[in-house]
Amino acid sequence: MGRSNEQDLLSTEIVNRGIEPSGPNAGSPTFSVRVRRRLPDFLQSVNLKYVKLGYHYLINHAVYLATIPVLVLVFSAEIGSLSSEEIWRKLWDYDLATVIGFFGVFVLTACVYFMSRPRSVYLIDFACYKPSDELKVTKEEFIDLARKSGKFDEETLGFKKRILQASGVGDETYVPRSISSSENITTMKEGREEASTVIFGALDELFEKTRVKPKDVGVLVVNCSIFNPTPSLSAMVINHYKMRGNILSYNLGGMGCSAGIIAIDLARDMLQSNPNSYAVVVSTEMVGYNWYVGRDKSMVIPNCFFRMGCSAVMLSNRRRDFRHAKYRLEHIVRTHKAADDRSFRSVYQEEDEQGLKGLKISRDLMEVGGEALKTNITTLGPLVLPFSEQLLFFAALLRRTFSPAAKTTTTTTSISSSITAKTNGVKSSSSDLSKPYIPDYKLAFEHFCFHAASKVILEELQKNLGLSEENMEASRMTLQRFGNTSSSGIWYELAYLEAKESVRRGDRVWQIAFGSGFKCNSVVWKAMRKVKKPTKNNPWVDCINRYPVAL
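All residue numbers here refer to positions counted from 1 along the written sequence of the relevant chain. Two thresholds apply to this predicted model, a pLDDT of at least 70 for residue-level local features and 80 or more for giving and counting side-chain atom pairs, whereas whole-chain, interface and lining totals are computed over all residues. The side-chain figures draw on all heavy atoms in the structure; neither hydrogens nor water molecules are used.

**Observations concerning the pairing of strand 13 (residues 447–450)**
Next, step 1: Covered by surrounding structure in strand 13 are His 447 and Cys 449 together with Phe 448 and Phe 450, the residues of both alternating faces.
Next, step 2: Should DSSP find at least two bridges between two strands, the strands are taken to pair. Note on conventions: DSSP H or I runs of at least 4 residues are helices, E runs of at least 2 residues are strands, and numbering of each starts at the N terminus. Two elements, strand 13 and strand 14 (residues 508–515), share four bridges in a ladder whose sense is parallel. In the strand pairing of strand 14, Phe 450 is matched with Ile 512. Residue burial is assigned from relative accessible area. The probe radius is 1.4 Å, only protein chains are included, and a residue is buried under 20% of its type maximum, exposed over 50%, and partly exposed in between.

**Side note on the confidence of the model for the chain**
Next, step 1: Per residue, pLDDT measures the predictor's confidence, with a range of 0 to 100. Here the chain shows a mean pLDDT of 83. Residues at 70 or above account for 73%.
Next, step 2: It only takes one pair of heavy atoms within 4.5 Å for two residues to be counted as in contact. pLDDT under 50 marks residues 406–434. Its contacts with residues more than four places away, or in other chains, come to 30 contacts.

**Examining the environment of Lys 326**
Next, step 1: Structurally, Lys 326 is set in the loop between strand 9 (310–316) and strand 10 (327–336).
Next, step 2: The class for Lys 326 is buried, based on a relative accessible area of 7%.
Next, step 3: Lys 326 sits 179 residues away from Arg 505 along the chain, and the two C-alpha atoms are 9.0 Å apart.
Next, step 4: Those residues within four positions of Lys 326 in sequence are excluded, and the remaining contacts are Leu 123, Ile 124, Asp 125, Glu 498, Lys 526, Ala 527, Met 528, Arg 529 and Val 531.

**Concerning unusual backbone geometry**
Next, step 1: Each neighbour pair has its own omega, and for Thr 230 with Pro 231 the value is 0°, a cis peptide bond.
Next, step 2: Relative to the helices and strands, Pro 231 resides in the loop between strand 6 (217–224) and helix 8 (233–241).
Next, step 3: For the bond running from Tyr 547 to Pro 548, omega is 5°, close enough to zero to count as cis.
Next, step 4: Inspection of the secondary structure puts Pro 548 in the segment after strand 15 (519–527).
Next, step 5: Even without a glycine there, the phi angle at Arg 211 is positive, about 60°.

**Details of the side chain of Ser 277**
Next, step 1: Examined against the element boundaries, Ser 277 turns out to sit in the loop between helix 9 (259–273) and strand 8 (278–284).
Next, step 2: Judged by its relative accessible area of 11%, Ser 277 falls in the buried class.
Next, step 3: Of the polar contacts made by the side chain of Ser 277, one reaches the backbone oxygen of Pro 275; its length is 3.2 Å. Identification of polar contacts relies on pairs of N or O atoms within 3.5 Å, with a donor-acceptor requirement for protein atoms, meaning one able to donate a hydrogen and the other able to accept it, and with residues adjacent in sequence counted only if both atoms are side-chain atoms.

Here it is, written out as structure tokens:
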């Protein structure tokens, strides 16, 4: 990466640190300059191959529907040129065997088409676990719990406090009280206790809402990135609810915060090959088991963001569930960047110098995350954007790809464009050539549920995609109220939209999550009906009237 491009990824901020309490400068105001990385402006460097991949998906699904109108037009043109007497004369000219044979071929073709086409997958309902109030902590209480454990020095606690203040995490998140223990809490016993609490809490609510019996579930997928005991968490669920012996169960581990969408994708594939079935997808992460007690600042960061949470989703491919389902699954697009070494090591579990295990967050995380997001949304675009937006976007992309002027100015435009605009009051033609057309994703979706990883990431997503404060509301409020609940976070955001009674029939919901690997995954849902404001079994039901709040 060139020096100018590296500078573009850095942002500076002057922070007021208050009055110096002691030392030679006691009583004087102190300031510091904070330098941090931003997401790269991924819409400035869209790769043509990912656009082609998106159109490849689109053509594969649309070719069958495109041939039907052609056949109808040809048949209509042939019939339209004949009078009614000529039509009857032609019909009587065929013998019975020919008519029966033609009809049989038509019926066989129709049967093959309807049997081979993908089954629609419906989301019947979902549930998000809300921990008890005794586990609720403010930011100050969180620091006090960490101090009581005796495992952190004051320098590390001060770093945690600064991270929390800028994180976007509020004062009503949930953590296991065991983090204040002076003993080792990263044990299998601690992990199983937290897992059973959050997973069974979410599933009990899901079965109550859907009125589906556990024995009627044919597919079970559980994802938890770091805590993977033997027997597995999926086996723990089957044992607790005494599910049937031929259930197709899967346990996904080590796949990060985007694993929830991967689990949805796996459940969809299982439903395609198992008709008239229910599938349950459980997404969670264990906070206590992942608690890092060392002093490496890059490994302390996850402690500040991750909080307790779990989601459970009920899917079905039964056609009779069409009437009472909430959503229909439209698209899933998955992006994996692990072939790149920097992406692979951007979120990495390892031991620190003292041999303490934790998640190490690389300085390259924002950059590799931006590249994964760029690839994912570029592939998704042709599947969801209106034709007018696709046309403008594709024309701008071709212009930037094949225009010599655009190629020569791309590296310098980002630095000089603002200076040129201020000096001349207008943009130069070379700047116009190098600037891409940014698609308006608000024309493709009514609701956005972005993985609430941190305040900075949400701000950069809003900036790059040109979204409004209202579009980002569900993600920001979820981060403020529940923190980063890993792969289950996008469901707390959808629950927020339902609690606000924002989802109406025909609305399209875009859920996007990213995690270690590095992976970025998108799923698109279409609302089958207007979702009424819940009166119970929703994590926001007792506090939704207070939101949105200023961050």
